[in-house]
Amino acid sequence: MATAVAEVKAEKASLGSTLWSWLTTTDHKRIGILYGVTAFVFFLIGGLEALIIRAQLAHSGNDLVSAETFNQLFTMHGTTMIFLAVMPLSAAFFNYIVPLQIGARDVAFPRLNAFSYWVFLFGGLLLNASFLFGAAPDGGWFGYPNLTSKQYSPGLNIDFWVIGLQVLGIASLAAGFNFVVTIINLRAPGMRMMRLPVFTWMTLVTQFLVITAFPVITVALVFLMFDRFFGTTFYSTAAGGDLLLWQHLFWLFGHPEVYILILPAMGIVSEVLPTFSRKPLFGYAVVVYSGLLIGVMGWGVWAHHMFAVGMGPIADSVFSATTMLIAIPTGVKIFNWLATMWGGQVQFRTPMLFALGFIAMFIIGGLSGVMHSSAAADLQQTDTYFVVAHIHYVLFGGAIQGIFAGIYYWWPKITGRLMNEKLGKWHFWLSFIGMNLAFFPMHFIGLLGMPRRIYTYSPELGLDTLNLVSTVGAFLIGISVLIFIYNVWWTRRHGEVAGNDPWRAATLEWTIPSPPPPYNFSVIPEVVSRLPRWSVTQMKAIPEVPPEPIHLPGGSYWPVVTAFGILVMAAGALLHSLWVVLLGGAVLVVGIYAWAFEPFEV
Amino acid sequence: MSDTARHEHQGHASTGTYLAVAAVLTIITLVEVGVFYVPAFQPVLVPILLVLSAAKFALVVMFYMHLKFDHRLFTLIFSLPLLLALGVAIALLFLFGAFVLG
Amino acid sequence: MTHYTATGLDSRKLAFWAFIGSECLLFGSLISTYLVYKGRSVRGPTPQEILNIPLTSVSTFVLLTSSLAMVLALAAVARGDKLWSRVWLFSTAFLGSIFLGFQAYEFTEFVHNGLTITTNLFGSTFYTLTGTHGAHVAVGVIWLLTLLVRSFQGKLGPDKALNVEIAGLYWHFVDVVWIVIFTVVYLIQ
């Protein structure tokens, strides 16, 4: 299984063997690319759903889509963007960048990493296959019973959702364990915890949230699945059950999930800002500690999603207070970012523009979030477009802009070519303007009384103009994404060759060629400071050619086989066929054993 | 490997300790079941049982799972989620009125 | 192979502790649900009517004893004692199977007495919680038997002690979960 360097370089082969090599790859860089490309396709699908939603709402009394279709669209838009776009786009960076930033040759468990990707892909395909059956999930992304109970949703729609999310949970959990261990254990000599780049730190916090939060939603989903499949009574009020159990379990997961979505973007911004301000991050330790604090406090705020259900004054006060408190570490980070730029030589390259956009938009989203912390105010805002405005400022203005900052920033590292600046700036400004046109009016639309998730509205509401503005903004975002795609295509052929370090950045990933060789580092670097490339005490140079042969793990097809077993089990559950489930289980068991006993040296 | 192996194995307890822990676990279990059947203990049954089972939990985790002797990182990576789970359980019981109704 | 790690700790063991941490939240959610729904069933059978304390005390003792066998198995493997590592591995798996037998008997009895997973909230939460635990025990038994086979193949020397240690961590964790379940489900009614 050992592969010498020379053999890897000789790898130029037919289409079949290329496909095979991607199918069996355990290289974190290739898996990162797979994550990125797959998640971007899902991002486009989720975006298309958003555009149809906005087209339907462009004016009152519209009948572009039916109410049923509309329900499916907003459910799949939310589910897709959260689980199939933002999370895996972040995962693309975890995979590609984290090992490079800590000076490692791969992740701790390369095959588990491949397994995560394949399970994610299969879970995403399964969820979207529901469209082929005309039965896409339609119960909203938080799937409250009894709306999602068998009685009110007898079709396959919710089954797809319940099973698809469980499959995706497996992928996230597997990746979570992998990255926690990778970051703790695979750091190069001298890379102490307090020398880790902030992006890697935020990845660690994110993965800790993943491994603690996902079991909770898994339990909630299992209860719902049992209720639907076997007639249990978890969410049946007639049997004495309480619908709030779902809401509590869901938001126990759901709020950490919010930080799972935003912390990686915060990490990316913390890399981009110092590079383009030509200054180290202001208050590194404070940024790290506030990230940790957000990770822990993120567990104590979940019920602020439920003020409207009447939890009583004590619970309402406690969750109001914790929600206001969590704004503090978040605000601390923002001040640190601003102070990083203060007095720096700020260069407005595309990644920097997106990072600045992130800060500005995240402040707006954060402020409307703190408004929700007041239970009394929240009662006016719950289930209106005000909440939709808030989450989009946080998740589009925040997470997606952060991710685009990361894409423009690390694209030269990943592909070896710099993206076109002019097209990048067009992308940024169009998406920035479009986003504010689309989401800012929603604050007013909501406060003026338009509920979310309603497929149309009457002209008497007087919200036609604001809704039209919002729709125009959404299509501007769509155009900006097309410009990005064109930029990718253009860069492939005409992009300026990047070299090792086009941005003159500080962290380890810029010490090696772009794209990095399969072994990443010809020799494992010895880290002497937090900013290895900027510090006075220079680290030893990394030779271009490895001084001695490097052992690389070969590929393995057992991860994809094992993942396939899970897909078959999920399909069997959907079909209510025990035999198919058992068949999938058999594939899974064979996969696990073959995996465990296959000779594979990391 | 040899360095790591030595480091990890010098920490394990001896067979005698394992047997002693097993004896204590058995005794606690007997006490638990005994307490359960004695009517006099009924008013304080819940706190007694919770303390006893926490003691068993701690014994197994510390000795059988070697956390007492192992690297502190393992304790950290286990106890943080454990505390979260405990906090979640207490919070849910509170939210669903378990402490009010008794 | 010498493996450098930044902490000097084995990556698999670290990952497994993280996994156990994650499992805390899984069982935490299941146990919380059981407790939250306690006494809310609108019809019987209730826990008081149906739970068999003497029987479960015995099965609890069996599971606790299996944990002792597990640590002895690890010690035997670590010192390269083939015979005793096989004896203790087998004992652990055997005692685990006995526990599963008790659980199967208990479930069958309950169904005869009119408690199924759909009867009431108690049935739904009880079977889901103890069933999830039982599934974990079953996986553990299969894992231990696999190790036993590896031992007979002569592939479980002292250099593989870590494999046994990790299986042991899993086994003890499942035991610890049962300690909690036995108290909050069976004894605190």
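Asker: Describe the overall build of chain B, naming the residues involved and giving the relevant values.
Answerer: A tally of helices and strands in chain B yields five helices and zero strands. Going from the N terminus to the C terminus, chain B shows its helices and strands as α-α-α-α-α. For chain B, buried positions account for 42% of its 102 residues. For chain B, restricting intrachain contacts to residue pairs at least 6 apart in sequence, the fraction spanning at least 24 positions comes to 51%. Approximately 5400 Å² of chain B is accessible, and the part contributed by carbon and sulfur atoms is 76%.

Asker: Before we move on, could you go through the interface of chain C and chain B and cite the residues and values that matter?
Answerer: Accessible area lost upon the coming together of the parts is a frequently used measure of interface size. Contacts between the two partners involve 48 residues from chain C and, on the opposite side, 43 residues from chain B. Interface area, chain C with chain B, both sides summed: about 4000 Å², of which 79% is carbon and sulfur. Among the residues chain C hides against chain B, the three largest losses belong to C:Leu9, C:Trp17 and C:Leu187. Together they make up 16% of the total. B:Asp70 is the partner of C:Lys13 in a salt bridge, and the nearest nitrogen-oxygen pair spans 2.7 Å.

Asker: Provide a residue-level description of the side chain of A:Asn178, including the pertinent values.
Answerer: Topologically, A:Asn178 is positioned in helix α6 (residues 157–185). Among residues more than four places away in sequence, those in contact with A:Asn178 are A:Val107, A:Ala108, A:Phe109, A:Leu112 and A:Asn113.

Asker: Account for the domain arrangement of chain B, with residues named and values stated.
Answerer: Residue and element names in this part refer to chain B. Its domain assignment divides chain B into domain 1 (1–70) and domain 2 (71–102). At the junction of domain 1 with domain 2, the criterion picks out zero salt bridges. Across the contact surface, domain 1 and domain 2 share zero residue pairs in polar contact (both at pLDDT 80 or more). Broken down by class, the residue content of the side of domain 1 that touches domain 2 amounts to four nonpolar, no polar and one charged.

Asker: Let's hear about helix α3 (residues 45–64) of chain B: which residues, and what values?
Answerer: Taking 1.5 Å of rise per residue, 20 residues should cover 28 Å, and α3(B) covers 28 Å from first to last C-alpha, within 8% of that figure. Buried within α3(B) are the following residues: B:Leu45, B:Leu49, B:Leu52, B:Ser53, B:Lys56, B:Phe57, B:Leu59, B:Val60, B:Val61, B:Phe63 and B:Tyr64. Against α2 (15–37) and α4 (72–95) of chain B together with α3 (53–78) and α6 (161–187) of chain C lie the buried residues of α3(B). A positive backbone phi angle near 65 degrees is found at B:His66, which sits one or two residues after α3(B).

Asker: A description of the packing of helix α1 (residues 11–36) of chain C against α6(C) should follow, citing residues and the corresponding values.
Answerer: How two helices sit against one another is set out by the angle between their axes and by the gap between those axes. Residues and elements named next belong to chain C. Direction vectors running N to C along α1 and α6 enclose 15 degrees, while the axes themselves pass 11 Å from each other. Between α1 and α6, the crossing angle belongs to the class labelled roughly parallel. The two elements α1 and α6 meet at a crossing, and its hand is right-handed. Between α1, through Arg12, Lys13, Phe16, Trp17, Phe19, Ile20, Glu23, Cys24, Phe27, Ile31, Tyr34 and Leu35, and α6, the contact on the second element is made entirely by Leu162, Asn163, Glu165, Ile166, Leu169, Tyr170, Phe173, Val177, Val180, Ile181, Val184 and Val185. In terms of residue class, the contact of α1 with α6 is made up of 19 nonpolar, one polar and four charged.

Asker: For the packing of α6(A) against α1(C), give the residues involved together with the corresponding values.
Answerer: Two elements in contact, α6(A) and α1(C), have axes whose closest approach is 9 Å; the angle formed by their N-to-C orientations is 135 degrees. On the basis of the axis angle, α6(A) is oblique to α1(C). Considering how the two elements wind past one another, α6(A) and α1(C) form a crossing that is right-handed. Facing α6(A), whose interface residues are A:Leu173, A:Phe177, A:Val181, A:Ile184 and A:Asn185, α1(C) presents C:Ser11, C:Leu14, C:Ala15, C:Ala18, C:Phe19 and C:Ser22. For the contact of α6(A) with α1(C), a count of residues per class yields eight nonpolar, three polar and no charged.

Asker: An account of the pattern of salt bridges is needed here, citing residue identities and associated values.
Answerer: Applying the stated criterion across every chain yields a total of 13 salt bridges over all chains. With its nearest N and O atoms 2.8 Å apart, the salt bridge here joins B:Glu32 to B:Lys56. Of this pair, B:Glu32 sits in helix α2 while B:Lys56 sits in helix α3, and the two are 24 residues apart along the sequence. Among the salt bridges present, the one from C:Asp10 reaches C:Arg12, with a minimum N-O distance of 3.7 Å. Sharing partners across several salt bridges, the network here consists of A:Arg349, A:Glu421 and A:Lys425.

Asker: Any details on the interface of chain A and chain B? Residues and values, ideally.
Answerer: Contacts between the two partners involve 16 residues from chain A, matched on the other side by eleven residues from chain B. Of the roughly 1100 Å² buried between chain A and chain B on both sides combined, carbon and sulfur atoms contribute 96%. The largest contributions to the chain A side of the interface with chain B come from A:Phe208, A:His248 and A:Trp299, which together make up 33% of the buried area. The tally of links between chain A and chain B comes to zero salt bridges. One can count zero residue pairs in polar contact (both at pLDDT 80 or more) joining chain A with chain B. Elements supplying a minimum of two residues to the side of chain A that touches chain B: α6, α7 (198–230), α8 (243–277) and α10 (313–341) of chain A. Per-element accounting of the side of chain A that touches chain B gives the leading share, five residues, to α8(A). Looking at the side of chain A that touches chain B residue by residue, the class counts come to 13 nonpolar, two polar and one charged.

Asker: How would you explain α6(C) if you had to name every residue and give the values?
Answerer: Residue and element names in this part refer to chain C. Under the 1.5 Å per step criterion, the end-to-end length of α6 is 37 Å for 27 residues, consistent within 8% with the ideal 39 Å. Within α6, the axis deviates most sharply at Ile181, by approximately 25 degrees. In terms of burial, α6 is a largely internal element, 25 of the 27 residues being buried.

Asker: Explain the side chain of A:Ser172 to me, using residue names and the numbers behind them.
Answerer: Turning to its location among the elements, A:Ser172 is positioned in helix α6. Leave out the neighbours within four places in its chain, and A:Ser172 touches A:Met87, A:Val210 and A:Phe214.

Asker: Give a description of the packing of aromatic side chains that names residues and reports values.
Answerer: All names here are of chain A. Inspection of the entire model under this criterion finds 81 aromatic pairs over all chains. Taking the centre distance of 5.5 Å and the plane angle of 15 degrees together, the rings of Phe354 and Tyr408 count as stacked. Linking Phe354 in helix α11 (residues 350–373) with Tyr408 in helix α13 (residues 385–415), this pair joins segments that are 54 residues apart in sequence. When sorted by exposure, Phe354 lands in the same class as Tyr408, which is buried. Seen from the ring of Phe142, Arg453 lies directly overhead, with NZ or CZ sitting 4.3 Å from the centre.

Asker: Give me the environment of A:Leu379: which residues, what numbers.
Answerer: Residue and element names in this part refer to chain A. Mapped onto the elements, Leu379 comes out in helix α12 (residues 375–381). Accessibility expressed as a relative area gives 49% for Leu379, which makes it partly exposed. For Leu379 and Ala474, which are 95 residues apart along the polypeptide, the C-alpha to C-alpha distance reads 28 Å. The residues touching Leu379, leaving out its near neighbours within four places in the chain, are Phe307 and Ala308.

Asker: So what's going on with a nonpolar patch on the surface? Which residues, and what values?
Answerer: A cluster of nonpolar residues, A:Ile314, A:Val318, B:Leu83, B:Leu86, B:Ile90, B:Phe94 and B:Phe99, forms a patch on the protein surface that exposes about 700 Å² of accessible area. Counting only elements with at least two residues in the nonpolar patch, the list comes to α10 of chain A together with α4 of chain B. Its location among the elements puts A:Ile314 in helix α10.

Conventions used here
Residues numbered from 1 in each chain as written. Chains lettered and ligands numbered in written order. Predicted model: local features only at pLDDT ≥ 70, side-chain atom pairs only at ≥ 80, totals over all residues. Heavy atoms only, no water. Helix = DSSP H or I, 4+ residues; strand = E, 2+ residues; numbered from the N terminus. Buried < 20%, exposed > 50% of the residue type's maximum accessible area, 1.4 Å probe, protein only. Contact = heavy atoms within 4.5 Å. Areas by Shrake-Rupley, 256 points an atom, 1.4 Å probe, with all protein chains shown as cover. Buried area = accessible area lost by both parts, 1.4 Å probe. Salt bridge = Lys/Arg side-chain N within 4 Å of Asp/Glu carboxyl O. Domains from an automatic or database assignment. Polar contact = N/O pair within 3.5 Å; in protein donor to acceptor, adjacent residues only side chain to side chain. Nonpolar A, V, L, I, M, F, W, Y, C, P; charged D, E, K, R; others polar. Expected span 1.5 Å × (residues − 1). Axes fitted to C-alpha atoms, helices over the stretch in contact; angles between N-to-C directions. Parallel < 35°, antiparallel > 145°, perpendicular 65-115°, else oblique. Left-handed = near helix turned anticlockwise from the far one by under 90°. Bend = angle between axes of the 7 residues up to and from the residue. Phe/Tyr/Trp six-rings, centres within 6.5 Å; stacked < 30°, edge-to-face > 60°. Lys NZ or Arg CZ within 6 Å of the ring centre and 35° of its normal. Patch = residues over 30% accessible without salt bridge, like charges linked within 9 Å, V, L, I, M, F, W, Y side chains within 5 Å.

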